[in-house]
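What the coordinates show
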Amino acid sequence: MDYFKKINKAVPRFDDKVGYKIKTKNEIDTLQVNLTRRCNLSCKHCHLSCNPNRSEDMSMDVADKVIDLLKNYDFKTLDITGGAPEMSQVCKYLISNASMFGKKVMIRSNLTIYNDPKYQNIPNFLKENKVYIIASLPFYEKEKTDKMRGVGVFEDSIKVLKTLNSLGYGKNPDLNLNLVYNPSGAMIPQSQEELEDVYRTKLLDEYKIVFNNLFVITNSPIGNFGKWLDKSNNLNRYMKRLYNSYNPVVINDVMCKNTLSVDYDGKIYDCDFNLSLKMGVKSSNKTIFDISKYDLEDREIVTVNHCYSCTAGSGSS
């Protein structure tokens, strides 16, 4: 990862900019699990470089330990991600068990996976378990979405959103449908509130689609996106843009403050971006098989310069 060295040289160190060591909150309420690197897409902004040829997948042993953590610790939310997490052998297993004992369950989906006959039944399964859907839709227009994620992705996504609406998602208070926006280049997104208004109007007027909230994500300069930035000679410019947009107000709301991230192999991280870089937590215990509750609370978060992407502008959801 030659580009990663450049990230850390392009601008002053994140720790120096913040001026103090960031720590987690006393209560870690979200357990985020990255089930697999397999994905039916290969998006240029993917920080994990997921694609259809990847094979990494969570085992049942790790899944059972995830369930054990949910039962015995104070986690309120199970946040399921990937890859396309639906392609994992343990996806339904985790959802069923977490839902049984009253945890809020979220799944981060690229939407298009539900057009595959093998996964067409999953939306109904999600509805039965009242799973919150966090759906990636990088833009409300075909050209920009397809440029980021592949030809035909926008139309496939619209088709699935209509199906989810027909099931009650975005309409029924128990069936939450949220969308995610990503910029298509070396840019920082505009305000979440402004974009949500535009998304809501465009999708309703043109496709009769409704949703609950839009979340704005600033692309992290790692994985596929980091490689693209480096190859296109945009890396330094992008890092300086992130650095100059640093907003100290959003520090208390970054996800790593109240989240523990678990990879498919059971190793633990402060966030999904650190997971991508294999930057483990600052603890002598590094997996869900050996951690205790005391390892989770009030721990120092591992930070380097990719952290600027979560603290630029209004912050990254």
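Residues numbered from 1 in each chain as written. Predicted model: local features only at pLDDT ≥ 70, side-chain atom pairs only at ≥ 80, totals over all residues. Heavy atoms only, no water.

Under the annotation held in an unreviewed UniProt entry, the protein carries the name Molybdenum cofactor biosynthesis protein A and is attributed to Anaerococcus octavius.

Residues annotated in UniProt with the feature "domain: Radical SAM core" (unreviewed entry) correspond here to residues 33-170. Overall, residues 33-170 shows 38% helix and 13% strand. The separation of its end C-alpha atoms is 24 Å. (UniProt positions renumbered as here; feature names shortened; annotations may be inferred. Helix = DSSP H or I, 4+ residues; strand = E, 2+ residues; numbered from the N terminus.)

Glancing now at the side chain of Thr-145. With respect to the secondary-structure elements, Thr-145 resides in helix α6 (residues 142-149). Overall, Thr-145 belongs to the buried group, its relative accessible area being 0%. Only 3.0 Å separates the side chain of Thr-145 from the backbone oxygen of Phe-139, close enough to count as a polar contact. Other than its neighbours up to four places away in sequence, Thr-145 contacts Pro-138, Phe-139, Gly-150, Val-153 and Phe-154. (Buried < 20%, exposed > 50% of the residue type's maximum accessible area, 1.4 Å probe, protein only. Polar contact = N/O pair within 3.5 Å; in protein donor to acceptor, adjacent residues only side chain to side chain. Contact = heavy atoms within 4.5 Å.)

Glancing now at a negative patch on the surface. Together, Glu-141, Glu-143, Asp-205 and Glu-206 make up a negatively charged patch on the protein surface. Residue position: Glu-143 is located in helix α6. Residue Glu-143 is classed as exposed on the basis of its relative accessible area, which comes to 69%. (Patch = residues over 30% accessible without salt bridge, like charges linked within 9 Å, V, L, I, M, F, W, Y side chains within 5 Å. Areas by Shrake-Rupley, 256 points an atom, 1.4 Å probe, with all protein chains shown as cover. Salt bridge = Lys/Arg side-chain N within 4 Å of Asp/Glu carboxyl O. Lys, Arg positive; Asp, Glu negative; His and termini not counted. Charge placed at Lys NZ, Arg CZ, Asp CG, Glu CD.)

So, on to the sheet that holds strand β1 (residues 30-34). With respect to topology, 8 strands assemble into an open sheet ordered β6-β5-β4-β3-β2-β1-β7-β8, the strand pairing being mixed. Two strands in the sheet have a free side with no partner beyond their single neighbour: β6 (213-216) and β8 (268-269). The pairing of strand β5 (residues 177-181) with β6 spans 4 bridges and is classified as parallel. The partner of Tyr-181 across the bridge, within β6, is Val-216. (Pairing = 2+ DSSP bridges.)

In this section: unusual backbone geometry. Backbone geometry places Leu-111, a non-glycine residue, at a positive phi of 70 degrees. Accessibility expressed as a relative area gives 0% for Leu-111, which makes it buried. One non-glycine residue, Lys-208, lies in the positive phi region at around 60 degrees. Following the sequence through the fold, Lys-208 ends up in the loop between α8 (192-207) and β6.

Tallied over the entire structure, the rule returns 14 salt bridges. Ionic pairing is found between Asp-16 and Arg-13, a salt bridge with its closest N-O pair at 3.2 Å. Of the charged contacts, one joins Arg-108 and Asp-79 as a salt bridge, the two residues approaching to 2.8 Å between their closest N and O atoms. Here Asp-79 lies in strand β2 (residues 77-81) and Arg-108 lies in strand β3 (residues 104-109), a separation of 29 residues in the sequence. You can call Arg-108 partly exposed: its relative accessible area is 22%. By relative accessible area, which is 1% here, Asp-79 ends up buried.

The element strand β4 (residues 132-136) is extensively covered by neighbouring structure, given that 4 of its 5 residues are classed as buried. Where β3 and β4 come together, 4 bridges link them in parallel fashion. The residue of β4 that forms the bridge with Met-106 is Tyr-132. Handedness of the β-α-β unit built from β3, helix α5 (residues 122-128) and β4 comes out right-handed. Relative to β5, β4 runs parallel, the two sharing 4 bridges. Along β5, the bridge assignment pairs Ser-136 with Val-180. (Right-handed = clockwise from strand over helix to strand, strands pointing away.)

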